Amino acid sequence: MAQVAKKPTVLIVEDCADDFEFAKRALEDAEGCEVDALWSESAADALHYLQGCKNRIGNLRPDLMIVDLNMPGMSGQSLIKELKDTPEWRSIPIIVMTNSQSKKDIEACYDCGANTYMRKALEWDDFVDSMWLIKKYWLETASLASPAAPAG
Amino acid sequence: MTERAPLLVDILSQYRSALRVQMETGGDEALEQAHELGRRALEVGAPLCDLSELHYEQLRAYAKSGRDVSAAIDKSEAFFLEVAGVYDMALGGFSDLTTRLRSEIEERRMIEADLRDATFELSRQRDSLETRVAERTLQLERQAYALQSVNSALERSNEHLSSFAHIASHDMREPLRSMSTHLHLLEIDRAEEFSDEAKHRLGRIKHLARRMEKMVSDLLEFAQISDGQDEPSLVDPVDVIESIRENLADFILKHKADIQVATSMPNLYVPKSCLNIIFQNLIQNGIKYNSSQNKVVSIGCDASVFAGEQPIFYVLDNGIGIDPSVSAQIFTMFKRVSRTNDDGDGTGSGLSFVKRVIEGLGGKIWLDSKVGVGSTFYFSLGRSVLVEEKGAKDGAGREKTHSADR
């Protein structure tokens, strides 16, 4: 803690470039702490990034992940399951942000261990508000498990 | 045979000598004995002609001796008449028997022929009946099969249509939303760089993107109407309208509209969401397409329907009215036949929702309208929708529940 507090890293898993841009912009526009928003354009991409963290090639361990559900290839849901089944990543909070309001999706995501399920706001201002809430709660209010100290 | 042959020969030889004795002596006793022998000979099977030959020989020999044979001839004749009488009787009896047998056989033959004919006719009828049954069965099977394939084709096409609308509208919504967001960011980031005209055009593009997004959502909703219904329950239309009045409070206030509800409407056994879609869209329509100073929408139920008929509901407005030439188009998706007094929020899908819901319940909708005076939309629900007449006060008249399909 003596170190200069680094900016929290938020990994956004989103297949649509526009949506990533909007999420990043909304995170910036929202009041509160500054964050480093990183982009994975698929679930596989996200797993690859995390593998890089483990191999200490300079990838920063995400403090928080924002995951879309409907993506080509591996679904967001499978990604959540994979992460929650892996001890190293289990403690990273996962926010599902999607257009789907299907009861089935909501239940399945929480079953897999998602930490929050929320609908993508339709209006820009509401979208910025929801990002503010996420930052405020997960990055400024809640105490998160610190990344496991690099062993050896 | 070997036993009988000498016996017969014996009898005949005894008979011959008895006849000779009788003829020579003329004693009746000898004659009687001879005749007795003759009868026995017949009984053991001597042919009658042999006996007559015997008699003839004796009579000739007797006549040769020059004696009077007339008495002997008379006696022989009497004997033969007596013996032949037995034959005659037997013959008569036999012929009677034969006749009877013949007629019995004939009768039996006729019965058999009749029976054969009847059996044949019966089997012919059975065959033709079987053929007809088989033909009819085949025909029915073909019809059932045809019907089944039409049904499944219809189901498939419905499924395709529904999933097409679902997928299309889901996937179409995303880029539209992104377009709107890009425009929004452009506006907030670069406001000072744009001329007034550019800002106006940006505003129009944003508005149109929003509008299209709304249409796509409507399409999605339209596709979902058929599959996302709640369960039917006993619903009081007045309650539904009152809750719509609350939901639309701002809208109603903004347009200074008045909604009047008749208190006497029967309860309906329907999915509540259906009644909600019907009344909400018809009410909104009556207010949106209305340029009167005091906009009024009144809702009620025709009380003069005959028992057993489905009640007819009406939603009446003092709006701009609909020209009869376009009244058929108003139920088409996204078809707007006139400008609304609203901000252009409507996509022109409300009435197609209403029509779809009503038709989904087996009912129909029609209208009566006069340009500049107003419109009245009428609708009735299908016979499967149970109707419950309300009692004088509240729902006390539950026993009056009747189903119109009786």
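Predicted, not measured: the structure shown is a model, and the values here were computed from it.

Details of the overall build of chain B
Regarding its fold elements, chain B presents nine helices and eight strands. Expressed as a percentage of the 406 residues in chain B, the buried residues total 33%. A sequence separation of at least 24 residues applies to 68% of the contacts in chain B between residues at least 6 apart. Just so you have it, chain B exposes about 25500 Å², and 55% of that area is on carbon and sulfur atoms.

Some points on the overall build of chain A
The helix and strand inventory of chain A stands at five helices and five strands. Put simply, 67% of the contacts in chain A that link residues at least 6 apart link residues at least 24 apart. With the model as given, the accessible surface of chain A reaches about 8300 Å², and the carbon-plus-sulfur share is 52%.

Some remarks on the sheet that holds strand 8 (residues 386-388) of chain B
All names here are of chain B. Read from one edge of the open sheet, three strands run 1-3-8, paired in antiparallel fashion. If you trace the sheet from one side to the other, it starts and ends with strand 1 (232-235) and strand 8, each paired once. The average angle at which neighbouring strand axes cross in this sheet is 30°, direction not considered. Relative to strand 8, strand 3 (residues 267-271) is paired through three bridges, and the arrangement is antiparallel. Looking at the pairing, N267 lines up with E388 of strand 8.

Observations regarding the environment of I80(A)
Residue and element names in this part refer to chain A. With respect to the element layout, I80 can be found in helix 3 (residues 76-84). Its relative accessible area of 0% is what places I80 among the buried residues. Taking C-alpha positions, I80 is 9.8 Å from N115, a pair spaced 35 residues apart along the chain. Setting aside residues up to four positions removed in sequence, I80 forms contacts with I94, V96, C109, C112, G113 and A114.

Here we look at the packing of helix 8 (residues 272-288) of chain B against helix 9 (residues 350-360) of chain B
Residues and elements named next belong to chain B. Running from N to C, helix 8 and helix 9 cross one another at 150°; their axes reach a closest spacing of 9 Å. The way helix 8 lies across helix 9 gives a crossing that is left-handed. Contacts from C274, I277, I278, N281, L282 and N285 in helix 8 reach G350, L351, F353, V354, V357 and I358 in helix 9. Across the contact of helix 8 with helix 9, the residue classes tally to nine nonpolar, three polar and no charged.

Here we look at the interface of chain B and chain A
Listed by partner, the interface residues are ten residues for chain B and ten residues for chain A. Buried area between chain B and chain A, summed over both chains or domains, comes out near 1000 Å², and the portion from carbon and sulfur atoms is 48%. Scanning the region where chain B abuts chain A turns up two salt bridges. A salt bridge links E123(A) to R210(B), with the nearest nitrogen and oxygen atoms 3.4 Å apart. Counting the contacts that link chain B with chain A gives five residue pairs in polar contact (both at pLDDT 80 or more).

Quick look at the environment of S178(B)
Mapping S178(B) onto the fold places it in helix 4 (residues 70-190). Accessibility expressed as a relative area gives 7% for S178(B), which makes it buried. For the pair S178(B) and A209(B), spaced 31 residues apart in sequence, the C-alpha separation works out to 9.6 Å. Those residues in contact with S178(B) that lie beyond four places of it in its chain are D18(A), D19(A) and F22(A).

Quick word on the packing of aromatic side chains
Summed over the entire model, instances satisfying the criterion amount to twelve aromatic pairs over all chains. Each ring, one from F279(B) and one from F313(B), has its centre 6.4 Å from the other, and the planes form 80°; the classification is edge-to-face. Taken together, the residues span a long stretch of sequence, with F279(B) in helix 8 and F313(B) in strand 5 (residues 312-317) at a distance of 34 residues. The exposure class of F279(B) is buried, given its relative accessible area of 0%. Assessed through its relative accessible area of 1%, F313(B) is described here as buried. Through pairs of rings, three or more aromatic residues link up here, namely F22(A), W124(A) and F127(A). Directly above the aromatic system of W366(B) lies the positively charged group of K364(B), at a separation of 5.5 Å from the ring centroid.

With respect to a nonpolar patch on the surface
A surface patch of nonpolar side chains, about 280 Å² in accessible area, is lined by L97(B), L101(B) and I105(B). The residue L101(B) is located in helix 4 in this model.

Regarding the confidence of the model for chain A
Close inspection of predicted coordinates is inappropriate for parts of the model with low pLDDT. Here chain A averages 88 in pLDDT, and 91% of its residues register 70 or above. When pLDDT is averaged over each helix and strand of chain A, the minimum, 89, is found for helix 2 (residues 43-54) of chain A and the maximum, 96, for strand 3 (residues 64-67) of chain A.

Overview of the pattern of salt bridges
Residues and elements named next belong to chain A. Applying the stated criterion to the full structure yields 22 salt bridges over all chains. Among the ionic pairs, K7 bridges to E34, the shortest N-O distance being 3.9 Å. Placement of K7 in the segment before strand 1 (9-13) and of E34 in the loop between helix 1 (17-29) and strand 2 (36-40) is noted, with a sequence separation of 27 residues between them. You can call E34 exposed: its relative accessible area is 57%. When the shortest N-O distance is used, the salt bridge between D29 and R25 registers 3.1 Å. Of this pair, D29 and R25 are both found in helix 1, four residues apart, which corresponds to roughly one turn of the helix. Ionic contacts of the salt-bridge type, sharing partners, join the residues K7, E34 and D36 into one network.

So, the confidence of the model for chain B
In the predicted model, chain B carries a mean pLDDT of 80, and 88% of its residues have values of at least 70. Segment residues 392-406 of chain B is flagged for pLDDT under 50; beyond a separation of four residues in sequence, or across chains, it makes 18 contacts in the model.

Digging into empty space enclosed by the protein
All names here are of chain A. With the rule as written, the count across this model stands at one cavity of 30 Å³ or more. Roughly 70 Å³ of internal volume is contained in the largest cavity. Lining the largest cavity, in full, are I12, V13, E14, D19, A23, I66, V67, D68, M97, K120, F127 and M131. Residue composition of the lining of the largest cavity, by class: eight nonpolar, no polar and four charged.

Things to note about the sheet that holds strand 1 of chain A
Residues and elements named next belong to chain A. With parallel pairing, five strands are arranged side by side in an open sheet as 2-1-3-4-5. Unpaired on one side and paired on the other, strand 2 and strand 5 (116-119) mark the two borders of the sheet. Here the average twist between neighbouring strands, direction ignored, is 20°. Pairing between strand 3 and strand 4 (residues 94-98): three bridges, direction parallel. Within strand 4, the position partnered with M65 by the bridge is I94.

Cut-offs used in this document
- Residues numbered from 1 in each chain as written.
- Chains lettered and ligands numbered in written order.
- Predicted model: local features only at pLDDT ≥ 70, side-chain atom pairs only at ≥ 80, totals over all residues.
- Heavy atoms only, no water.
- Helix = DSSP H or I, 4+ residues; strand = E, 2+ residues; numbered from the N terminus.
- Buried < 20%, exposed > 50% of the residue type's maximum accessible area, 1.4 Å probe, protein only.
- Contact = heavy atoms within 4.5 Å.
- Areas by Shrake-Rupley, 256 points an atom, 1.4 Å probe, with all protein chains shown as cover.
- Pairing = 2+ DSSP bridges.
- Axes fitted to C-alpha atoms, helices over the stretch in contact; angles between N-to-C directions.
- Left-handed = near helix turned anticlockwise from the far one by under 90°.
- Nonpolar A, V, L, I, M, F, W, Y, C, P; charged D, E, K, R; others polar.
- Buried area = accessible area lost by both parts, 1.4 Å probe.
- Salt bridge = Lys/Arg side-chain N within 4 Å of Asp/Glu carboxyl O.
- Polar contact = N/O pair within 3.5 Å; in protein donor to acceptor, adjacent residues only side chain to side chain.
- Phe/Tyr/Trp six-rings, centres within 6.5 Å; stacked < 30°, edge-to-face > 60°.
- Lys NZ or Arg CZ within 6 Å of the ring centre and 35° of its normal.
- Patch = residues over 30% accessible without salt bridge, like charges linked within 9 Å, V, L, I, M, F, W, Y side chains within 5 Å.
- pLDDT = per-residue confidence, 0-100.
- 1 Å grid on protein atoms, 1.4 Å probe; cavity = no way out; pocket = protein on both sides within 12 Å on 5 of 7 lines; lining within 4 Å.
- Points joined across faces, edges and corners; volume = space filled by probe spheres on them.

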